[in-house]
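Coordinate inspection notes
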Amino acid sequence: MNANQGYAAYNRNKIMTASPGELTLMLYEGAIKFCNIAISAIEQGEIQKAHDNIVKVERIIEEFRATLNHKYAVAEDFENVYVYVYDRLVEANIKKDKEVLEEVLKHLRTMRDTWKEVMQKAKE
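Residue positions are counted from 1 within each chain, in the order its sequence is given. Local features in this predicted model are restricted to residues of pLDDT 70 or higher, and side-chain atom pairs are both shown and tallied only at a pLDDT of 80 or more, whereas totals for entire chains, interfaces and linings draw on every residue. Heavy atoms from the whole structure form the basis of all side-chain values; hydrogens and water molecules are not counted.

We now examine the confidence of the model for the protein chain. For every residue, the predictor states its confidence as a pLDDT score lying anywhere from 0 to 100. Mean pLDDT over the protein chain works out to 91, with 90% of the residues at or above the 70 mark. Secondary structure follows DSSP: runs of H or I at least 4 residues long count as helices, runs of E at least 2 residues long count as strands, and numbering of each begins at the N terminus. Taken element by element, the predicted model of the protein chain shows its lowest mean pLDDT in helix 1 (residues 3–16) (62) and its highest in helix 3 (residues 47–66) (98).

This next bit is on the nonpolar core. Buried residues of nine kinds, namely Ala, Val, Leu, Ile, Met, Phe, Trp, Tyr and Cys, make up a nonpolar core once their side-chain atoms join them within 4.5 Å. Only protein chains enter the accessibility calculation, which uses a 1.4 Å probe; a residue whose area is less than 20% of its type maximum is buried, one above 50% is exposed, and one in between is partly exposed. Counting residues in hydrophobic clusters, the biggest one holds 27 residues, and the most contacted among them are C35, V57, I61, Y82, L89, L101 and L108. Breaking this core down by element, the ones donating at least two residues are helix 2 (20–43), helix 3, helix 4 (74–95) and helix 5 (98–123). It is helix 2 that provides the largest number of residues to this core, a total of 9 residues. The contact rule is simple, with two residues in contact once any of their heavy atoms fall within 4.5 Å. Residue contacts for C35: discarding those within four places in its chain leaves V57, L101, V104, L105 and L108.

What follows is about the pattern of salt bridges. Salt bridges are defined by distance alone: a side-chain nitrogen of Lys or Arg within 4 Å of a carboxyl oxygen of Asp or Glu. For the structure on display, the rule yields 8 salt bridges. Two residues, E79 and R65, come together in a salt bridge whose shortest N-O distance is 2.5 Å. Taken together, the residues span a long stretch of sequence, with E79 in helix 4 and R65 in helix 3 at a distance of 14 residues. Looking at E79, the relative accessible area reads 15%, which means it is buried. With its nearest N and O atoms 3.1 Å apart, the salt bridge here joins E91 to K95. Residue E91 and its partner K95 are both found in helix 4; the two are separated by 4 residues, about one turn of the helix. Residue classification places E91 among the partly exposed positions, given a relative accessible area of 24%. A single network of salt bridges, built from pairs that share partners, joins E29, R112, D113 and K116.

The next thing to look at is the environment of M111. Along the polypeptide, M111 turns up in helix 5. Placed 30 residues apart in sequence, M111 and V81 show a C-alpha to C-alpha distance of 9.8 Å. Leaving out residues up to four positions away in the same chain, M111 has contacts with Y28, V81, Y82 and V85.

Here a pair means two rings of Phe, Tyr or Trp (six-membered ring of Trp) with centres within 6.5 Å. Their orientation is stacked below 30 degrees between planes, edge-to-face above 60, and tilted elsewhere. In the structure shown here, the tally under the stated rule is 3 aromatic pairs. Every member of this aromatic cluster is reached through a ring pair, and the members are Y28, F64, F78 and Y82.

Turning our eyes to something else, we now look at the side chain of N53. Tracing the sequence through the fold places N53 in helix 3. Apart from residues no more than four positions distant in its own chain, N53 is found in contact with F34, I37 and A38.

All right, on to unusual backbone geometry then. Even without a glycine there, the phi angle at K96 is positive, about 50°. Note that K96 resides in the loop between helix 4 and helix 5.

Structural elements are reduced to axes, namely lines fitted to C-alpha atoms, with helices fitted over the stretch in contact, and the angle between N-to-C directions of any two is expressed from 0 to 180 degrees. Running from amino to carboxyl end, helix 2 crosses helix 3 at an angle of 155°, the nearest separation of the two axes being 8 Å. One element, helix 2, and the other, helix 3, form an angle in the roughly antiparallel class. Here helix 2 and helix 3 pass one another in a crossing that is left-handed. Here T24, L27, Y28, G30, A31, F34, C35, I37, A38, A41 and I42 of helix 2 lie close against helix 3, whose contacting residues are K49, A50, N53, I54, K56, V57, I60, E63 and F64. Our angle categories are set so that under 35 degrees counts as roughly parallel, over 145 as roughly antiparallel, 65 to 115 as roughly perpendicular, and the remainder as oblique. Helix crossings are classified by the rotation of the near helix relative to the far one: an anticlockwise turn of less than a right angle makes the crossing left-handed, while a clockwise turn makes it right-handed.

Right, dumping it as structure tokens:
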């Protein structure tokens, strides 16, 4: 087994054994990573790479929206944030606008950091 296969097996195992909270955190981390890649791609004029990575972030946001539990009032607030972020991603993709992506990145980091706090408090 080469190093790439070992890394892929490790990642599969990490995902399969993660709690729902940890999976959510992984999705936030992935969205941040793909957003950073898209920003870099725009800076380097790699339009297709930017597009592909923005679409990955859009899909993560779609997943967050699809899994909201609307029996809780706070779900509406999350829905509004996710719709806003998604719309900004679409705009960034159309215009290949790194400033819009940087705004999205700030929102993603805030949401990730908040989620980390929630997970920490749940452990205590």
